[in-house]
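Close look at the chain arrangement
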Amino acid sequence: MSVKNIMIVGVGGQGTLLTSRILGNLAIHAGYDVKLSEVHGMAQRGGSVVTYVRYGEQVAEPIVEEGCADVLIAFEKLEALRYLHYLKEDGVVIVNDWRIDPITVVTGAAQYPEEVLNTLSAARKTVVVEATKKAVEMGVPKAFNVVVLGAAARYMGFEKEDWLHVIEATVPPKTIEVNHMAFEAGYQAYRNEAIR
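Structural notes, computed from the coordinates. Just so it is clear, the structure is predicted and the values come from calculations on it, not from any experiment. (Residues numbered from 1 in each chain as written. Predicted model: local features only at pLDDT ≥ 70, side-chain atom pairs only at ≥ 80, totals over all residues. Heavy atoms only, no water.)

With respect to the overall build of the protein chain
Helix and strand counts for the protein chain come out as eight helices and six strands. Counting from the amino terminus, the protein chain carries its helices and strands in the arrangement β-α-β-β-β-α-β-α-α-β-α-α-α-α. Taken over C-alpha atoms, the radius of gyration comes to 16 Å for the protein chain, in line with the 16 Å a tight globule of 196 residues would show. Considering only C-alpha atoms, the protein chain reaches an extent of 50 × 40 × 30 Å along its principal axes. Residues classed as buried in the protein chain amount to 50% of the 196 residues present. The contacts of the protein chain with a sequence gap of at least 6 include a subset with a gap of at least 24, amounting to 64%. Of the roughly 9400 Å² of accessible surface on the protein chain, 49% is carried by carbon and sulfur atoms. Where the 19 positive side-chain charges of the protein chain centre and where its 24 negative ones centre are 3 Å apart. (Helix = DSSP H or I, 4+ residues; strand = E, 2+ residues; numbered from the N terminus. Rg over C-alpha atoms; globule rule 2.2 N^0.38 Å. Buried < 20%, exposed > 50% of the residue type's maximum accessible area, 1.4 Å probe, protein only. Contact = heavy atoms within 4.5 Å. Areas by Shrake-Rupley, 256 points an atom, 1.4 Å probe, with all protein chains shown as cover. Lys, Arg positive; Asp, Glu negative; His and termini not counted. Charge placed at Lys NZ, Arg CZ, Asp CG, Glu CD.)

Structure representation (structure tokens):
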């Protein structure tokens, strides 16, 4: 297997680090060499957080180069647009249809771009998931990141049962059930969401 390059992007507090740990643990469980790297940009103040997960028979370094990501998982749509240039031409972006205004927009120094999802879908294969909405409807709003991960799982090549096993082993025990529910919601939503 050639090295698989995954990027997970969001803002501080959205669970990008937990998501990368789940994916990394899954790849280790499957017997792959795995490298993870985390980049924090003022994460505690709502800034960008990027994690790289690379797995394969042998992985030399943890950083994903521009134009090399197979999958871009984005918990906020502007963050997907910000890091889109890391995605391969035939890569896929799985994006949560959710808006969080960066500080420059909040202060009036910039405007949030219009038609972000259309811009993404014009550039690459794009799967839009209403993950935050689904998580709120389930009564577990903090689990939206696992909803997104459930949709992204269709592009990773691992069995669903392996995902559930690794989630169970990675998340705090009292949250196992809600994270299983969230993953299942995303996994099933993949069939119904817009693939642009």
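Describing the pattern of salt bridges
Between side chains of opposite charge, a pair can form when the charged atoms approach closely. Taken as a whole, this structure holds eight salt bridges when the rule is applied. Between Arg124 and Glu89 there is a salt bridge, with the nearest N and O atoms lying 3.6 Å from each other. Of the two residues, Arg124 is situated in the loop between α4 (116–123) and β6 (125–129) and Glu89 in strand β5 (residues 87–96); the sequence distance between them amounts to 35 residues. Since its relative accessible area comes to 15%, Arg124 is described here as buried. Where Lys133 meets Glu130, a salt bridge forms, and the shortest distance between an N and an O atom there is 3.6 Å. According to the relative accessible area criterion, Lys133 is partly exposed, its value standing at 46%. (Salt bridge = Lys/Arg side-chain N within 4 Å of Asp/Glu carboxyl O.)

Here we look at α4
For α4, the complete set of buried residues consists of Val116, Leu117 and Leu120. Down the axis of α4, the buried side of the element spans an arc of 95°, and every buried residue falls inside it. Buried residues belonging to α4 abut α2 (77–82), β5 and β6. (Arc of directions from axis to C-beta.)

What about the packing of helix α7 (residues 160–170) against helix α8 (residues 176–189)?
For the pair α7 and α8, the least separation of the axes is 9 Å and the interaxial angle reads 150°. It follows from the interaxial angle that α7 and α8 lie roughly antiparallel. Regarding α7 and α8, the two cross each other, and that crossing is right-handed. Residue-level inspection shows Lys160, Trp163, Leu164, Ile167 and Glu168 of α7 in contact with α8, the latter providing Ile176, Asn179, His180, Phe183, Glu184, Tyr187 and Gln188. (Axes fitted to C-alpha atoms, helices over the stretch in contact; angles between N-to-C directions. Parallel < 35°, antiparallel > 145°, perpendicular 65-115°, else oblique. Left-handed = near helix turned anticlockwise from the far one by under 90°.)

What to know about the side chain of Ser37
On the secondary structure map, Ser37 appears in strand β2 (residues 33–40). Looking at Ser37, the relative accessible area reads 15%, which means it is buried. Sequence-distant contacts of Ser37, that is, excluding residues within four places in its chain, are made with Val50, Thr51, Tyr52, Pro62 and Ile63.

Observations concerning the packing of helix α6 (residues 144–152) against α8
Interhelical geometry of α6 versus α8 gives an angle of 45° and a closest axis separation of 6 Å. In terms of orientation, α6 and α8 fall into the oblique class. When the axes of α6 and α8 are compared, the crossing they make is right-handed. Contacts between α6 and α8 involve Val146, Val147, Leu149, Gly150 and Ala151 from the former and Asn179, Ala182, Phe183, Gly186 and Tyr187 from the latter. Looking at the contact of α6 with α8 residue by residue, the classes come out as seven nonpolar, three polar and no charged. (Nonpolar A, V, L, I, M, F, W, Y, C, P; charged D, E, K, R; others polar.)

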